[in-house]
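Chain and residue survey
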Amino acid sequence: MSRLTIFADEMHPERFEQLERFEDIVAGARAAGVRFERWAAERELPPSATQDEVLAGYADAVAQLKRECGFVTADVISVHPQTPNHPELRKKFLSEHTHAEDEARFFVEGAGLFFIHRAPRVYALVCERGDLINVPAGTPHWFDMGPTPRLKCIRLFCDPSGWVARFTGDAIADRFPRFGE
Ligand SMILES: [Fe+2]
């Protein structure tokens, strides 16, 4: 289930509040500058759906987001326990970083945990099937797909070269719980 945990103080992860109602998550995420929405599939997709089938299945929603936010390309990232390099892939997103553009993800299947650092607070948002998250450009954040990942996400980009990160060098992510803990 989607859930937002708000840590009041980045130095004390033991102090937090949890929100589980959709409206509360939207409002809480907005306080962090993050857009959170639920999208319905335009048509039913089989688990074996290819990237093109997934993008076609959400064509209208993706086109709308491109118009609103200036994204030019979209792709689909799919990770599951049989993905050979998933531990490396997990590690890649697990340190705090920023992007020069918004990070928009729509969860077609599965789930993952985004951490958004808006000092002194840290917002941890579990996203699952049907959830759209948009983390604004320049916002420090990290992402955990967990040790046994299951996710299929549409990713939207302004820069056609795809995912480019600037790591902050802050070890903050190590102080916070991992996905599933
Ligand atoms: Fe990112």
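Here we summarise the structure given alongside this text. (Residues numbered from 1 in each chain as written. Predicted model: local features only at pLDDT ≥ 70, side-chain atom pairs only at ≥ 80, totals over all residues. Heavy atoms only, no water.)

**Regarding the coordination of the iron ion**
- For the iron ion, every protein donor is listed as His97 (NE2), His99 (NE2), Glu103 (OE) and His141 (NE2), and the spread of their distances is 2.0 to 2.1 Å.
- The coordination sphere of the iron ion comprises four donor atoms, whose angles at the metal cover 78 to 172 degrees; the geometry is irregular.
- Donor residues for the iron ion sit on one chain with the sequence pattern H-x1-H-x3-E-x37-H.
- Classification of His97 as buried rests on a relative accessible area of 1%.
- Residue His99 is classed as buried on the basis of its relative accessible area, which comes to 8%. (Donors = N, O, S within 2.8 Å, 3.2 Å for Na, K, Ca; no water. Tetrahedral: all angles 85-135°; square planar, octahedral: opposite > 155°, others 65-115°. Buried < 20%, exposed > 50% of the residue type's maximum accessible area, 1.4 Å probe, protein only.)

**Quick look at the nonpolar core**
- Judged by nonpolar contacts, the single largest core of 27 residues is most densely connected at Phe107, Phe114, Ile116, Ile133 and Leu151.
- Sorting the residues of this core by element identifies strand S1 (3–7), helix H1 (22–31), strand S4 (73–79), strand S6 (103–118), strand S7 (121–128), strand S8 (131–135) and strand S10 (151–157) as the ones contributing at least two each.
- Beyond its immediate stretch of four places on either side in the chain, Leu151 contacts Ile77, Ser78, Val79, Phe107, Glu109, Gly110, Ala111, Phe143 and Met145.
- Within the second largest apolar cluster, 17 residues are counted, among which are Ala49, Val54, Phe71 and Phe106. (Core = buried A, V, L, I, M, F, W, Y, C linked by side-chain atoms within 4.5 Å. Helix = DSSP H or I, 4+ residues; strand = E, 2+ residues; numbered from the N terminus. Contact = heavy atoms within 4.5 Å.)

**Side note on the side chain of Lys152**
- The topology assignment puts Lys152 in strand S10.
- Although buried, Lys152 forms no salt bridge, and the nearest oppositely charged side chain, Glu109, lies 6.1 Å from it.
- At a separation of 2.8 Å, a polar atom in the side chain of Lys152 contacts the main-chain carbonyl oxygen of Pro47.
- When near neighbours in sequence (up to four residues on either side) are disregarded, Lys152 contacts Pro46, Pro47, Ala49, Val54, Val76, Ile77, Ser78, Phe106, Phe107, Val108 and Glu109. (Lys, Arg positive; Asp, Glu negative; His and termini not counted. Salt bridge = Lys/Arg side-chain N within 4 Å of Asp/Glu carboxyl O. Polar contact = N/O pair within 3.5 Å; in protein donor to acceptor, adjacent residues only side chain to side chain.)

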